[in-house]
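Architecture and fold: a report
Each chain, letter by letter, is given below.
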Amino acid sequence: MSLLNVRDLTVTYGRLTAVHEVSFTLEPGRRYGLVGETGCGKSSVSRSLLGLVRPPNRATAQAVTLDGCGDLLHMPARRLRAVRGADIGYVAQNPFGALHPVLTVGEQFHRFLAAHAATRSRADSRSQVVPLLEKLGVPGAERVYDGHAGTLSGGMAQRVVIAFATLLSPRLVVADEPTTALDVTVQRQVLDIIAAPGHDRTLLLTTHDLSVVAQYCDEVLVMYAGRIVESGPVARVFVDPAHPYTTALLGSVPRPGLPLMSLPGRPPNLAEHGDGCDFAPRCAHGTDICAVRPALQADGGHAVACHHRKALV
Ligand SMILES: Nc1ncnc2c1ncn2[C@@H]1O[C@H](COP(=O)(O)OP(=O)(O)O)[C@@H](O)[C@H]1O
Ligand SMILES: [Mg+2]
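Owing to the predicted nature of the structure, the values given are computational and were not obtained by experimental measurement.

1. Remarks on the overall build of the protein
What the protein contains, in helices and strands, is 10 helices and 13 strands. Whereas a compact globule of 313 residues would reach a radius of gyration of roughly 20 Å, the protein reaches 20 Å, a difference of no more than 12%. Dimensions of the protein, computed from the C-alpha atoms along their principal axes, are close to 65 × 45 × 35 Å. Evaluated residue by residue, the protein yields a buried proportion of 52% over its 313 residues. Sequence separation of 24 or more characterises 63% of the internal contacts of the protein that already satisfy a separation of 6 or more. With the model as given, the accessible surface of the protein reaches about 14400 Å², and the carbon-plus-sulfur share is 53%. The distance from the centre of the 30 positive side-chain charges to the centre of the 27 negative ones in the protein is 5 Å.

2. Observations concerning the coordination of the magnesium ion (ligand 2)
Ser 43 (OG) and Gln 93 (OE1) make up the full set of protein donors to the magnesium ion (ligand 2), lying at 2.0 to 2.2 Å. Here the residue Ser 43 occupies a position in helix H1 (residues 42-49), and Gln 93 occupies one in the loop between strand S7 (88-91) and helix H3 (105-115), the gap between them amounting to 50 residues.

3. Notes on empty space enclosed by the protein
Enumeration over the complete set of coordinates arrives at 1 cavity of 30 Å³ or more. Of the volumes computed, that of the largest cavity is approximately 60 Å³. Lining the largest cavity are His 243, Pro 244, Cys 277, Phe 279, Cys 283, His 285, Cys 290, Pro 294, Cys 306, His 307 and His 308. In the lining of the largest cavity, the residues fall into 7 nonpolar, 4 polar and no charged.

4. Digging into the layout of surface pockets
If you add up the space inside the largest pocket, you get close to 920 Å³. Taken together, 29 residues line the largest pocket, and the ones lying closest to its centre are Arg 81, Arg 84, Ala 98, Phe 112 and Phe 164. Secondary structure elements with two or more residues in the lining of the largest pocket: H1, helix H2 (77-86), S7, H3 and helix H6 (154-167). Broken down by element, the lining of the largest pocket gets its largest block of residues, 5 residues, from H2. Considering only residue class, the lining of the largest pocket consists of 14 nonpolar, 9 polar and 6 charged. Looking at which domains feed residues into the lining of the largest pocket, each of domain 1 (4-87 + 170-312) and domain 2 (98-169) supplies at least three.

5. Side note on H3
Within H3, 8 of the 11 residues are buried, leaving the element largely enclosed by the surrounding structure. Taken as a whole, H3 has its buried residues at Val 105, Gly 106, Glu 107, Gln 108, Phe 109, His 110, Phe 112 and Leu 113. The elements touched by buried residues of H3 are H2, helix H4 (122-135), helix H5 (141-146) and H6. A positive backbone phi angle near 50 degrees is found at Ala 117, which sits one or two residues after H3.

6. Quick word on the packing of aromatic side chains
Scanning the model with the defined rule gives 6 aromatic pairs in all. Chaining the aromatic ring pairs together yields one cluster made of Phe 109, Phe 112, Tyr 145 and Phe 164.

7. Here we look at the state of the cysteines
Scanning the model with the defined rule gives 0 disulfides in all. The thiol of Cys 277 is not disulfide-bonded; the next cysteine sulfur, from Cys 290, is found 5.9 Å away.

8. As for the environment of Val 304
The topology assignment puts Val 304 in strand S13 (residues 302-304). Judged by its relative accessible area of 0%, Val 304 is buried.

9. A closer look at unusual backbone geometry
The residue after Pro 55, namely Pro 56, is reached through a cis peptide bond having omega 10 degrees. Turning to its location among the elements, Pro 56 is positioned in the loop between H1 and strand S4 (58-60). A positive phi angle is found at Asp 8, which is not glycine, with a value near 55 degrees. Within the secondary structure layout, Asp 8 lies in strand S1 (residues 4-13). The phi torsion at Glu 177 lies on the positive side, around 45 degrees, for a residue other than glycine. Judged by relative accessible area, Glu 177 falls into the buried class, the value being 8%.

10. Remarks on the sheet that holds strand S9 (residues 202-206)
Strand order across the open sheet formed by 8 strands is S7-S8-S9-S3-S10-S11-S13-S12, with mixed pairing between neighbours. The outermost strands of the open sheet, each flanked by one partner alone, are S7 and strand S12 (297-299). Along the sheet, successive strands turn relative to each other by an average axial angle of 15 degrees, direction set aside. Against the sheet, H1 makes contact with strand S3 (31-35), S7, strand S8 (172-176), S9 and strand S10 (219-224), and its axis sits at roughly 145 degrees relative to S8, the strand it touches most.

Scoring rules and cut-offs
- Residues numbered from 1 in each chain as written.
- Chains lettered and ligands numbered in written order.
- Predicted model: local features only at pLDDT ≥ 70, side-chain atom pairs only at ≥ 80, totals over all residues.
- Heavy atoms only, no water.
- Helix = DSSP H or I, 4+ residues; strand = E, 2+ residues; numbered from the N terminus.
- Rg over C-alpha atoms; globule rule 2.2 N^0.38 Å.
- Buried < 20%, exposed > 50% of the residue type's maximum accessible area, 1.4 Å probe, protein only.
- Contact = heavy atoms within 4.5 Å.
- Areas by Shrake-Rupley, 256 points an atom, 1.4 Å probe, with all protein chains shown as cover.
- Lys, Arg positive; Asp, Glu negative; His and termini not counted.
- Charge placed at Lys NZ, Arg CZ, Asp CG, Glu CD.
- Donors = N, O, S within 2.8 Å, 3.2 Å for Na, K, Ca; no water.
- 1 Å grid on protein atoms, 1.4 Å probe; cavity = no way out; pocket = protein on both sides within 12 Å on 5 of 7 lines; lining within 4 Å.
- Points joined across faces, edges and corners; volume = space filled by probe spheres on them.
- Nonpolar A, V, L, I, M, F, W, Y, C, P; charged D, E, K, R; others polar.
- Domains from an automatic or database assignment.
- Phe/Tyr/Trp six-rings, centres within 6.5 Å; stacked < 30°, edge-to-face > 60°.
- Disulfide = S-S within 2.5 Å.
- Pairing = 2+ DSSP bridges.
- Axes fitted to C-alpha atoms, helices over the stretch in contact; angles between N-to-C directions.

Encoded structure:
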C-alpha cells in the first residue's frame, strides 16, 4: 500500500497552469528527490500535498490521498491542521511564511505541541524542542526559543521550520529546498534530521543540488514545465538517464556538491504550452514526432516521457 497517492494533480494560478496532470506515488520508508529548474512546478506540487493551494488558485486531482488519512485536497481545515505536523511535516521554501512574526518561537512550539496533545506543560515543550534545535545546529538554542520569529535570520528561520516539521516524527516529510539559506557545514547535519536515515521516514525533498539527491534519496522525480518527464530509482536514473532533459541536468553539475542547475536555452514559458514535447525547443534529439506530446511510459520502476528515450533496460 502506497503512503501517498497522487493522480492527475493540476495546479492553476489564474490562466497559468503550473502543474499538468501529475501522477506519482510515494512508498512508505522511501526517500524521493524532486528536481527541475526554477518555475517547473515543484513548490506547487509540494504545497498541494499540504492543502495550501487556495482559491482563487486551484489544485484539482483524481486523488491526493495519504494512507489512513484520506483526501488531502478536500479535507476540512480542522482535520488538515491535525494531519499537518503529525502525519506530514512540511518545510516551506519560504520559512518566514510559516512563522508568526510577533509570538516567541517557544510559544509557537508550545501551541503546536498543545494542539497535537503532545505536551504536558511549557517546561515540557521547551525540553522537547531546545535539544532538537541544538541538533539542527542552532547556536544559542535557548535564546532563539525565547526570542521572536521576526528577528531570526533566514538560516535560523529555516531550521526552526525544520524543527516544526520533524518534531512529531511524521511518516511523511515534504521539504522544499530546506537548506538553501544554510552553510554547507550545517547542511549535512540538517539533512540527516530531515531524512532520518535508519528510521521509517518517507521524504519528498526538493533540491537544486543533485549530489544531495544522490546521497539522501532512493528515487528521483524530474519535472519539466509542470510535468514529470522522468522518474525512477536514483541508482538507475543518475547512472543511465533516459530523458535528454535529465541528461542535461546531470551534465550541468560540474562537480559533486556544487548546487548548479542552469541549462543552455530558454526555460519553458508556462503561458505558451504547445501540443508537443515542452523540452523539444532545447533538445538536441528533437524530430518531427516531438510535435506530439510523449506520454510518460514506465518500464519497471523507471518512467520517461520522450519519443527518443534511450532503450530502458
Ligand atoms: N502564488 C502564485 N501565483 C501566481 N503564480 C504562481 C504562484 N506560485 C507559483 N506561480 C507560478 O507557477 C509556476 C511554478 O512555480 P513553482 O511551483 O513555484 O515552481 P518551482 O518550485 O519549481 O520553482 C511559475 O511560473 C510560478 O511563477
Ligand atoms: Mg520552488
